[in-house]
Amino acid sequence: LGCVSLLVSILLCLGLNSAHGQGITIPLPKWDVLSPFPSASREQGADPLEAFGGITGIPRGDNSVYPSDLVFGGMAGWQTIAADNANNVNIQYNSSYVNW
């Protein structure tokens, strides 16, 4: 869960969660999520995608895959997750995909 929450934090910092202005929030109905990656490296300022251009330099939402020790098969890719009617996003843990 630390990986997911950290990735969501990164998306929030990049301004990808919603558009803000004058007290108006415009929710996004779909999220592009790239995970899981070890959270310890990001907590120390490292970007696990640096060799590929970094989190802000890679194509978003495409079919690219990136190395991750936390995935069976060693490669993690983008997923699209839809928000519910209350604009909440539910990211579920799948033990057949994530190796932790």
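These numbers were taken from a predicted model, which means no experiment stands behind them.

1. Some words on the overall build of the chain
1) Next: Assigned secondary structure in the chain consists of two helices and five strands.
2) Next: The N-to-C order of helical and strand elements in the chain reads α-β-β-β-α-β-β.
3) Next: Per-residue burial over the chain gives 29% buried out of 100 residues.
4) Next: When contacts within the chain are restricted to residue pairs at least 6 apart in sequence, long-range pairs at least 24 apart make up 56% of them.
5) Next: Carbon and sulfur atoms provide 53% of the accessible area of the chain, an area that totals close to 6,400 Å².

2. Here we look at the pattern of salt bridges
1) Next: This model, assessed by the stated rule, comprises one salt bridge.
2) Next: Across the pair R60 and D32 runs a salt bridge whose closest N-O atoms are separated by 3.1 Å. Of this pair, R60 sits in the loop between helix 2 (39–43) and strand 4 (65–67) while D32 sits in strand 3 (residues 30–34), and the two are 28 residues apart along the sequence.

3. Re the sheet that holds strand 4
1) Next: Across the sheet, which stays open at both edges, the three strands sit in the order 3-5-4 with antiparallel pairing between neighbours. Two strands bound the open sheet, and with one partner strand each, they are strand 3 and strand 4. This sheet shows a mean twist of 30 degrees between the axes of neighbouring strands, independent of strand direction.
2) Next: As paired strands, strand 3 and strand 5 (residues 75–82) are joined by five bridges and run antiparallel to one another. Residue pairing for strand 5: V33 is matched across the bridge by Q79.

4. Some remarks on the nonpolar core
1) Next: One finds L34, F37, L49, I58, Y66, V71, A76 and W78 forming the largest nonpolar core, which totals eight residues.
2) Next: Setting aside residues no more than four positions away along its own chain, W78 makes contact with D32, V33, L34, I58, P59, R60, G61, D62, S64 and Y66.

5. Brief notes about unusual backbone geometry
Leave glycine aside and you will find that most residues have negative phi; peptide bonds, for their part, are mostly trans.
1) Next: The step from S35 to P36 runs through a cis peptide bond, and the omega angle for that step is -5 degrees.
2) Next: If you trace the backbone, P36 turns up in the loop between strand 3 and helix 2.
3) Next: Non-glycine residue N87 carries a positive phi angle of around 65 degrees.
4) Next: Position of N87 relative to the elements: it lies in the segment after strand 5.

6. Details of the environment of V65
1) Next: When you line up the elements, V65 lands in strand 4.
2) Next: Remark: the alpha-carbon pair of V65 and G77, spanning twelve residues in sequence, is separated by 4.4 Å.
3) Next: Once residues lying within four places of it in the same chain are set aside, the contact partners of V65 are M75, A76 and G77.

What counts as what
Residues numbered from 1 in each chain as written. Predicted model: local features only at pLDDT ≥ 70, side-chain atom pairs only at ≥ 80, totals over all residues. Heavy atoms only, no water. Helix = DSSP H or I, 4+ residues; strand = E, 2+ residues; numbered from the N terminus. Buried < 20%, exposed > 50% of the residue type's maximum accessible area, 1.4 Å probe, protein only. Contact = heavy atoms within 4.5 Å. Areas by Shrake-Rupley, 256 points an atom, 1.4 Å probe, with all protein chains shown as cover. Salt bridge = Lys/Arg side-chain N within 4 Å of Asp/Glu carboxyl O. Pairing = 2+ DSSP bridges. Axes fitted to C-alpha atoms, helices over the stretch in contact; angles between N-to-C directions. Core = buried A, V, L, I, M, F, W, Y, C linked by side-chain atoms within 4.5 Å.

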